Amino acid sequence: MVLLSHIFEKIKDLPTNMRFYLRQGQIALLPEEKRPYHKLYPQDLKRLLREKEDFLLLDVRTKLEYEAEHIPQSIHLDIAEAETQIPILAPNQTTKIVIYCHGGERSIEMAEKLHQLGYSQLYYLHKGISQWYYATEKSATSNT
């Protein structure tokens, strides 16, 4: 049996473009270019919004974070509700889906989950809303 501490010691020495990826119950290590989801920079997302391209924009932060500030046209979706809600929001598994959170980690987690559900056009906002320097909105229910 391999000790987890030994594995974690090895992880810190990996190149930054490598990430663990869960595939059919097994952990694999994939370089960025082989992941089933793709990085999208803020200026690219801004272009998609400006050109009114057909895609689903998901905010996977907490409801409070979403209400305080979110990217226009985004829909809040809790990661725990993905399996039940995503088929309603995107019945076609080839729908382009862009996901964001605060810094990028939850976006990647959601992208991996959606890939496991069969979705194929998955993008995440690099470094999340923390690097979004364009206009945002507040929810009507927000107290801020």
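Everything quoted here is computed from the prediction, not taken from an experiment.

Definitions and limits used
Residues numbered from 1 in each chain as written. Predicted model: local features only at pLDDT ≥ 70, side-chain atom pairs only at ≥ 80, totals over all residues. Heavy atoms only, no water. Helix = DSSP H or I, 4+ residues; strand = E, 2+ residues; numbered from the N terminus. Buried < 20%, exposed > 50% of the residue type's maximum accessible area, 1.4 Å probe, protein only. Contact = heavy atoms within 4.5 Å. Areas by Shrake-Rupley, 256 points an atom, 1.4 Å probe, with all protein chains shown as cover. Phe/Tyr/Trp six-rings, centres within 6.5 Å; stacked < 30°, edge-to-face > 60°. Lys NZ or Arg CZ within 6 Å of the ring centre and 35° of its normal.

S.K.: Provide a residue-level description of the overall build of the protein, including the pertinent values.
M.R.: In terms of regular secondary structure, the protein is built from 5 helices and 7 strands. Traced from its N-terminal end to its C-terminal end, the protein shows the element sequence α-β-β-β-α-β-α-β-α-β-α-β. Counting over 144 residues, the protein shows a buried share of 36%. If you take every contact in the protein between residues at least 6 apart in sequence, the share linking residues at least 24 apart comes to 65%. Of the roughly 9000 Å² of accessible surface on the protein, a fraction of 52% belongs to carbon and sulfur atoms.

S.K.: Lay out the packing of aromatic side chains in plain terms, naming residues and giving numbers.
M.R.: Scanning all chains against the criterion turns up 2 aromatic pairs. Residues Tyr37 and Tyr124 carry aromatic rings whose centres are separated by 5.9 Å and whose planes lie at 75° to one another, so their mutual orientation is edge-to-face. Of this pair, Tyr37 sits in the loop between β2 (26-31) and β3 (38-40) while Tyr124 sits in strand β7 (residues 122-125); the two residues are 87 residues apart in sequence, bridging distant segments of the chain. Using a relative accessible area of 5% as the deciding quantity, one classes Tyr124 as buried. Ring plane angle 65° and centroid distance 4.9 Å describe the contact between Trp132 and Tyr134, whose orientation is recorded as edge-to-face. Sitting over the ring of Tyr123, Lys96 keeps its end group 5.4 Å from the ring centre.

S.K.: Please set out unusual backbone geometry residue by residue, giving values where relevant.
M.R.: Phi is positive for Lys52, close to 55°, though the residue is something other than glycine. Along the chain, the position of Lys52 falls in the loop between α2 (42-50) and β4 (56-59). Since its relative accessible area comes to 69%, Lys52 is described here as exposed. At Gln73, a position not held by glycine, the phi torsion is positive, near 75°. Here Gln73 lies in the loop between α3 (63-68) and β5 (75-76). Gln73 sits in the exposed class, given a relative accessible area of 56%.

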